Amino acid sequence: HYLLTDEILFMKANNKICEIVTQNGIVSCRMTLTELENFPFIRIHKSYLINLSFISELFAGSGNGLSVHMKGYESRELPVGREKLKTLKQLLKIS
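Residues numbered from 1 in each chain as written. Predicted model: local features only at pLDDT ≥ 70, side-chain atom pairs only at ≥ 80, totals over all residues. Heavy atoms only, no water.

A.B. asks: Break down the nonpolar core for me, with residues and values.
C.D. replies: In this structure, Phe10, Ile44, Ile50, Val68, Met70, Leu78 and Leu88 are the most contacted members of the largest nonpolar core, which totals 15 residues. Among the elements of the structure, strand S1 (8-14), strand S4 (41-45), strand S5 (48-51) and strand S7 (66-70) are those that each provide at least two residues to this core. Setting aside residues no more than four positions away along its own chain, Leu88 makes contact with Ile42, Ile44, Ile50, Leu52, Ile55, Leu58, Val68 and Val80. (Core = buried A, V, L, I, M, F, W, Y, C linked by side-chain atoms within 4.5 Å. Buried < 20%, exposed > 50% of the residue type's maximum accessible area, 1.4 Å probe, protein only. Helix = DSSP H or I, 4+ residues; strand = E, 2+ residues; numbered from the N terminus. Contact = heavy atoms within 4.5 Å.)

This is how it looks when you write it as C-alpha coordinates:
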(Lines give C-alpha, C1' and ligand atoms only; values in the text may rest on other atoms or scores of the structure.)
Protein backbone atom coordinates (compact mmCIF):
# COMPACT_ATOMS: atom_id res chain seq x y z
CA HIS A 1 0.00 0.00 0.00
CA TYR A 2 1.46 3.36 -1.03
CA LEU A 3 0.76 6.61 0.79
CA LEU A 4 1.63 10.16 -0.11
CA THR A 5 3.18 12.27 2.64
CA ASP A 6 0.43 14.88 2.28
CA GLU A 7 -2.16 12.21 3.18
CA ILE A 8 -0.50 11.31 6.49
CA LEU A 9 -1.54 13.21 9.63
CA PHE A 10 0.58 11.37 12.19
CA MET A 11 2.19 8.06 13.05
CA LYS A 12 2.10 6.21 16.34
CA ALA A 13 4.36 3.45 17.56
CA ASN A 14 2.32 0.60 19.00
CA ASN A 15 4.71 -2.13 20.19
CA LYS A 16 6.42 -3.38 17.01
CA ILE A 17 3.71 -2.01 14.72
CA CYS A 18 3.49 1.55 13.43
CA GLU A 19 -0.01 2.96 12.98
CA ILE A 20 -0.11 5.50 10.17
CA VAL A 21 -3.14 7.77 10.54
CA THR A 22 -4.30 9.30 7.26
CA GLN A 23 -7.22 11.46 6.23
CA ASN A 24 -8.95 8.25 5.13
CA GLY A 25 -8.19 5.88 7.98
CA ILE A 26 -5.41 3.95 9.67
CA VAL A 27 -2.78 1.78 7.99
CA SER A 28 -0.44 -0.49 9.98
CA CYS A 29 3.12 -1.35 9.01
CA ARG A 30 6.13 -3.15 10.47
CA MET A 31 8.53 -0.21 10.49
CA THR A 32 9.92 1.87 13.31
CA LEU A 33 9.29 5.56 13.72
CA THR A 34 13.02 6.12 13.28
CA GLU A 35 12.81 4.56 9.81
CA LEU A 36 9.88 6.84 8.95
CA GLU A 37 11.25 10.04 10.51
CA ASN A 38 11.86 12.54 7.73
CA PHE A 39 10.59 16.01 6.83
CA PRO A 40 7.69 16.96 6.92
CA PHE A 41 7.38 14.50 9.83
CA ILE A 42 8.89 15.42 13.16
CA ARG A 43 9.03 13.44 16.36
CA ILE A 44 7.09 15.10 19.17
CA HIS A 45 7.25 12.16 21.56
CA LYS A 46 8.95 8.79 21.71
CA SER A 47 5.75 7.26 20.32
CA TYR A 48 4.61 9.92 17.81
CA LEU A 49 5.66 11.47 14.52
CA ILE A 50 3.45 14.24 13.16
CA ASN A 51 3.06 15.99 9.83
CA LEU A 52 3.67 19.70 10.50
CA SER A 53 1.13 20.63 7.82
CA PHE A 54 -1.73 19.18 9.84
CA ILE A 55 -1.18 20.75 13.27
CA SER A 56 -4.34 22.59 14.26
CA GLU A 57 -3.44 23.54 17.84
CA LEU A 58 -0.62 23.46 20.40
CA PHE A 59 -2.10 23.65 23.90
CA ALA A 60 -1.62 22.81 27.59
CA GLY A 61 -2.35 19.09 27.70
CA SER A 62 -4.07 16.99 30.32
CA GLY A 63 -0.70 16.20 31.96
CA ASN A 64 1.96 18.71 32.92
CA GLY A 65 3.18 19.33 29.36
CA LEU A 66 1.89 20.51 26.03
CA SER A 67 -0.06 18.57 23.44
CA VAL A 68 -1.12 19.02 19.84
CA HIS A 69 -4.36 18.48 17.98
CA MET A 70 -4.20 17.44 14.35
CA LYS A 71 -6.67 18.62 11.69
CA GLY A 72 -9.43 16.06 11.41
CA TYR A 73 -8.44 14.47 14.73
CA GLU A 74 -9.11 17.33 17.15
CA SER A 75 -10.63 14.92 19.68
CA ARG A 76 -7.30 13.09 20.04
CA GLU A 77 -4.61 14.69 22.20
CA LEU A 78 -1.04 13.91 21.09
CA PRO A 79 1.52 14.58 23.84
CA VAL A 80 4.66 16.61 23.18
CA GLY A 81 7.71 15.31 25.04
CA ARG A 82 9.65 17.88 27.07
CA GLU A 83 12.82 17.23 25.07
CA LYS A 84 10.93 17.76 21.76
CA LEU A 85 9.13 20.99 22.69
CA LYS A 86 11.92 23.44 21.80
CA THR A 87 12.34 21.97 18.30
CA LEU A 88 8.58 21.99 17.70
CA LYS A 89 8.27 25.63 18.77
CA GLN A 90 11.17 26.60 16.50
CA LEU A 91 9.58 24.86 13.52
CA LEU A 92 6.24 26.53 14.24
CA LYS A 93 8.02 29.87 14.77
CA ILE A 94 6.55 30.46 18.21
CA SER A 95 8.30 31.33 21.45
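Further notes follow.
A.B. asks: Describe the state of the cysteines, with residues and values.
C.D. replies: Applying the stated criterion across every chain, the model contains zero disulfides. Cysteine Cys18 is unpaired, with the sulfur of Cys29 as its nearest cysteine sulfur at 4.4 Å. Overall, Cys18 belongs to the buried group, its relative accessible area being 1%. Judged by its relative accessible area of 18%, Cys29 is buried. (Disulfide = S-S within 2.5 Å.)

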